[in-house]
Amino acid sequence: EEEFKWLLQEEVHAVLRQLQDILKEASHRFALPTSGSGEAVKQENFVLSTSGTDQVKGVMTLQGDALCQADVNLKMPRNNQLLHFAFREDKQWKLQQIQDARNHVNQAIYLLMNRDVNYQFKTGLEVLKLMDAVMLQLSRARNRLTTPATLTLPEIASSGLTKMFTPVLPPDILVNFYINLNKLCLTVYQLHMLQPSTTKNFKPAGGSVLHNPGAMFEFGSQRYEVSHVHKVECVVPWLNDALVFFTVSLQLCQQLKDKISIFSSYWNYKPY
């Protein structure tokens, strides 16, 4: 009983402090200043490319959770014509995945700070509930980075992203940006317009993170087929750090839960 009391009063708070420290580090990695601090968020440039092909090259400027500049060069396979697109100067693209992940981390920190040093845990169940709530936020934060949204091709075509470029994207080009684990990814789809008289069986593609050549869709009154897909990416080091912090934090939460559970089961089944 004394040991269990010590665990609830001392060790639990030691773990909560450790978790707070790790998650504050994770939160700092998202490079956004705290509200009202007046600090500017630093801009980072990334070169997106893929080994073995130079069909697409991109230079992106990431500022916290926003892509504030994008320069894309696309070599058209059929005639080797080089196309160049860049974000309009008045536009930036919010990466919702980064924004959501940061919000979940901050929610986890808030839950931990609500149980400060003076708070006295009365039961093991109370600690388990807190750990479950923190782990839920951390799992959601990690999932936002590891699981990009599945989109249909019409959703990509109607996305605000297509209207951000100058010169305007031609109707047979689609682009999409997303985060996958610790990488910033750019996908460029080249389309082939299907003639109304075509004998091809038209079967619209469903939602996917990455669509393959041959995928068909209808947009406006026109039918299209994906002819080429180019995916380029680069590692964002601080996203890598954040994912490591999430893993370490989840392990700490689980270890504390296991300890509490062992004590609780011993307590419940102790013969009198």
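Presented here is an overview of the structure given in this document. (Residues numbered from 1 in each chain as written. Predicted model: local features only at pLDDT ≥ 70, side-chain atom pairs only at ≥ 80, totals over all residues. Heavy atoms only, no water.)

Some thoughts on helix α2 (residues 96-113)
Turning to step 1, where the next piece is worked out: Look at α2: 26 Å from first C-alpha to last across 18 residues, which is about the 26 Å you get at 1.5 Å a residue.
Turning to step 2, where the next piece is worked out: Considered for burial, the residues of α2 that qualify are Q97, I98, Q99, D100, A101, R102, H104, V105, A108, I109, L111 and L112. (Helix = DSSP H or I, 4+ residues; strand = E, 2+ residues; numbered from the N terminus. Expected span 1.5 Å × (residues − 1). Buried < 20%, exposed > 50% of the residue type's maximum accessible area, 1.4 Å probe, protein only.)

Points about the pairing of strand β3 (residues 66-75)
Turning to step 1, where the next piece is worked out: The pairing of β3 with strand β5 (residues 93-94) spans two bridges and is antiparallel. Bridging from a neighbouring strand, A66 pairs with K94 of β5.
Turning to step 2, where the next piece is worked out: Examined bridge by bridge, β3 and strand β4 (residues 82-87) share five bridges and lie antiparallel to one another. Bridge pairing in β4 links V72 to F85.
Turning to step 3, where the next piece is worked out: Taking the residues between adjacent antiparallel strands as the criterion, β3 and β4 are bridged by six residues, where N80 takes a positive phi near 55 degrees. (Pairing = 2+ DSSP bridges.)

Considering the pattern of salt bridges
Turning to step 1, where the next piece is worked out: What the rule picks out here adds up to ten salt bridges.
Turning to step 2, where the next piece is worked out: We note a salt bridge from R29 to E25, for which the minimum N-O separation is 3.0 Å. Taken together, the residues span about one helical turn, with R29 and E25 both in helix α1 (residues 2-29) at a distance of four residues.
Turning to step 3, where the next piece is worked out: Each of E25, R29 and D241 takes part in a single network of salt bridges with overlapping partners. (Salt bridge = Lys/Arg side-chain N within 4 Å of Asp/Glu carboxyl O.)

Focus on the side chain of N176
Turning to step 1, where the next piece is worked out: With respect to the element layout, N176 can be found in strand β7 (residues 173-180).
Turning to step 2, where the next piece is worked out: In this structure, N176 is in contact with L151, I156, L161, C185, L186 and T187, ignoring residues within four places of it in sequence. (Contact = heavy atoms within 4.5 Å.)

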